[in-house]
Amino acid sequence: MTYSNITYIGAYSLIAFCSVITHTILPIPPTVIFFCLSSLLALWCVKRNEFKIKSINRVSIFPLLLSSYLLLFQLLLEVPFRALVSPFLAPLYFVVALFYLSILNKRNIDNLINKFIYISLGVFIIECLWRMSHPSLPKGVDEVVVGADRWFYLFKGGGLMYSETNGLAIHIIIVYFFVVWWSLLHKKNMLIEKSCLLVLIILTFSRAALISIPLGWLYMYCIGRMSKKIQIFLFFLVLVITIAVMPTLISNLESDPSTAMKLSVFAEILEYYKHIDLLPFLYGIGNYNSMNVFSIYAHNYLLVFLVEMGFLGLLLLLFQFLFFIKVSRGQFLFVFVPFFVQVMSSTTIFIPHLYIIAAIIVYYSTYYEKDKNIIYYCLNIIKDVTINYI
């Protein structure tokens, strides 16, 4: 087997099969096994061609820092290995994916990304068909009186990938907006693929997802093309409007079971931080340990990260995303904006799709320009991010 074949198998294992996720059937998602295989092949590639390591990953500094932090402090907090795997591995998907993208030729990369899209679509369709044919209330909602007007809760649980559809919707939304970005980049229509993903998002019955779609469209086709000053103005305008209408919105939504649970958890977290010690505030209490502190798992990506991984972990996470945005010259925002809206209503931390797609967007917006001096380019990016965001 030739060197080029091995590199393609490694990249294929990582990127094409990152959708093979199940937290309800197997103890470890199959994508983790594919990741391990891909990483071993990547190490073989580095050993055979040591100069290639230079093309990796000055851009990967923040995913590596985040992953190292999560591994070190989660071990110090004596988190069980199974709970440690998900947050520790997720950022490494970016590192390994960017490595493979930097050594494959453009034809192989385009072919690989097309397979990634169709395999992801196939996995989502199978998951949807299973869930719709096996109606089941999500965990926690079965204790709440669900009226006839909330029949859709029956189709939010019992999935193959997740026990509830808010987590699933994150993956589908990320892939959907990536397909939109990919079709614009290559001037393709891809109407069937986008339509199928859009229907799958709707069938998750996730209200956060339904809000994410128009906001993602708004950013991609309107706001994303405006100047930075206008974007900043619109951000603060939306923030002020949101704060103004929040009390009325909350009072109208309190009768909804899902919203009531989220508000209850938010109140518990606020109370928790009134009496928290310095070390748990900085380093967190360990992955999944928030279930031992609060009555129900927090339905919010950032809150979960703050409580379990600490303020330092959340800071590294946000700085990593800012770095992706800067390196990709803002193109990562086309996926990140709808993702950010959706994770305000989900607990999922292990999101390989996000890091794979981030690597692809970063590669096409920076690494694909072979004449750039990567070292000085990335040092200037670090300088710019430090000045603008700190």
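Read on for a plain summary of the structure. (Residues numbered from 1 in each chain as written. Predicted model: local features only at pLDDT ≥ 70, side-chain atom pairs only at ≥ 80, totals over all residues. Heavy atoms only, no water.)

Overall, the coordinates contain two salt bridges when judged by the stated rule. Where D110 meets K106, a salt bridge forms, and the shortest distance between an N and an O atom there is 2.7 Å. Separated by four residues within a single helix, D110 and K106 lie in helix α5 (residues 106-133), roughly one turn from each other. The closest approach of N and O atoms between E127 and R131, which form a salt bridge, is 3.3 Å. Of this pair, E127 and R131 are both found in helix α5, four residues apart, which corresponds to roughly one turn of the helix. Taken as a pair, E127 and R131 share a single burial class, namely buried. (Salt bridge = Lys/Arg side-chain N within 4 Å of Asp/Glu carboxyl O. Helix = DSSP H or I, 4+ residues; strand = E, 2+ residues; numbered from the N terminus. Buried < 20%, exposed > 50% of the residue type's maximum accessible area, 1.4 Å probe, protein only.)

This brings us to the nonpolar core. Counting 101 residues, the largest nonpolar core has F178, F321, F339 and Y355 as the members making the most contacts within it. Setting aside residues no more than four positions away along its own chain, F321 makes contact with Y301, F332, F336, F339, L354 and Y355. Grouped together as the second largest cluster of nonpolar side chains are six residues, I285, F294, L303 and V307 included. (Core = buried A, V, L, I, M, F, W, Y, C linked by side-chain atoms within 4.5 Å. Contact = heavy atoms within 4.5 Å.)

What follows covers helix α13 (residues 333-342). Of all 10 residues in α13, seven are buried, a share of seventy percent or more. Taken together, the buried positions of α13 are L333, F334, V335, F336, P338, F339 and Q342.

Spatial relationships are all this shows, so hold off on functional conclusions.
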